[in-house]
Amino acid sequence: MTTPLPHQDVPLVFSAEVADALHEGRPVVALESNVITHGLPYPDNAATARKVEEAVRAGGSVPATIAVESGRIVVGMTDADIDRFASTPGIPKVSSRDLPVVLAQGRAGALTVASCLVAAERAGIAFFSSAGIGGVHRGAAATMDVSSDLIQFTRSKVAVVCAGGKKILDLGLTLEYLETQCVPVVSYRSDDFPAFYCLSSGFRSPVRLDDDEVIARSIENHWALGNHSSFLVTTPVRPEDAVDGAEVDAAITEAVAAAERDGIRGQAITKYLMRAVDAATEGRSSKANMAVLVSTAEVGGRLAAAHARLRAASRSL
């Protein structure tokens, strides 16, 4: 009988700030680097990434923007790293299925929600913040187009703070999928499941919680019960930054018909629809996109801080 060989560890490189915070038990919030490379043009993309990190700090936590480079997972990008990624064209978007190959090739890559969850758990980071998650796409019964984010939630022991999912998705089916997979969904100080830069998706949230400490205990209880999956906390965009849901729905309906006519499908459909919404709202959706990145990061920082206090109190008993 042969003994299976141990897997080689994937190298993790921590910034000094993130390493110190994790060692001392201080709260850390993981952030995706895809926002840098596949969002605004340079230098606005770099400035936005820094605003998101500042929002995490304002919430009381340490930000850790994560990327891959030279065969390593970089946990906590420096200012120089952010500038390099922001100004370098062609850095690919790397989801969780792509991560092993890009690491083996030694290429640079910007992490998405799914891959960032993999990296955050490996790094020992309990919280992750994103503007919006992927979900079940419209027409998925025929196309089987379901975001890898949803699959990764069932596999990664990380609390996810976000503003729900984009309106281009079938958010009703997205909520059904999360329920089927026993992924808790809690809305922070809101009755509804939000829709990215829209205050509501039109669907009620399974649970509303208003207290930071209660959310922290709920997350810890989820894992203490033996679950090795994510805990989803949604927080809506601020009302003054929101885009009207009816206006977005009208733009999406028109864009979906145009995409079908033009043969746009698969991974290309998301960018196509988001650009159509941005054109229909005369750029207001792009501004709202930036606002929701910042607002979710601040809430993520606050909830991670509450969770760190809970863990520190339990260790002192």
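About the cut-offs
- Residues numbered from 1 in each chain as written.
- Predicted model: local features only at pLDDT ≥ 70, side-chain atom pairs only at ≥ 80, totals over all residues.
- Heavy atoms only, no water.
- Core = buried A, V, L, I, M, F, W, Y, C linked by side-chain atoms within 4.5 Å.
- Buried < 20%, exposed > 50% of the residue type's maximum accessible area, 1.4 Å probe, protein only.
- Helix = DSSP H or I, 4+ residues; strand = E, 2+ residues; numbered from the N terminus.
- Contact = heavy atoms within 4.5 Å.
- Expected span 1.5 Å × (residues − 1).
- Salt bridge = Lys/Arg side-chain N within 4 Å of Asp/Glu carboxyl O.

Participant: Would you explain the nonpolar core in this entry?
Facilitator: Considering soluble globular proteins, one finds that nonpolar side chains tend to be buried as a cluster. Core analysis: the biggest nonpolar cluster contains 81 residues, and I66, F127, F153 and Y197 have the highest contact counts within it. Looking at this core, the element that brings in the most residues is helix α13 (residues 284–316), giving seven residues. If near-sequence neighbours (up to four positions away) are discounted, F153 is found in contact with V113, L117, I133, V160, L178, V183, S229, S230 and L232. Of all hydrophobic cores here, the second largest spans 11 residues; its members include A46, M77, F85 and A86.

Participant: Is there a simple way to think about helix α3 (residues 44–58) in this case?
Facilitator: In an α-helix, one turn spans 3.6 residues; hence positions three or four apart end up facing the same way. For α3, with 15 residues, the first-to-last C-alpha span of 21 Å sits near the 21 Å given by 1.5 Å per residue. Taken together, the buried residues of α3 touch β2 (28–32), α2 (34–37), β3 (62–69), α4 (79–87) and α13.

Participant: Any chance you could explain the pattern of salt bridges here in plain terms?
Facilitator: Any two side chains of opposite charge can pair, so long as their charged atoms come close to each other. In the structure shown here, the tally under the stated rule is 17 salt bridges. A salt bridge links D9 to R122, with the nearest nitrogen and oxygen atoms 4.0 Å apart. Here the residue D9 occupies a position in the segment before β1 (12–14), and R122 occupies one in helix α6 (residues 113–123), the gap between them amounting to 113 residues. For D9, a relative accessible area of 61% gives the class exposed. Across the salt bridge formed by R189 and D212, the nearest N and O atoms sit 3.7 Å from each other. Separated by 23 residues along the polypeptide, R189 in the loop between β9 (185–188) and β10 (192–195) and D212 in helix α10 (residues 212–224) bring together distant segments of the chain. Residue D212 is classed as buried on the basis of its relative accessible area, which comes to 10%. Each of the salt bridges in this network shares a partner with another, and the network as a whole consists of R189, D212, E298 and R302.

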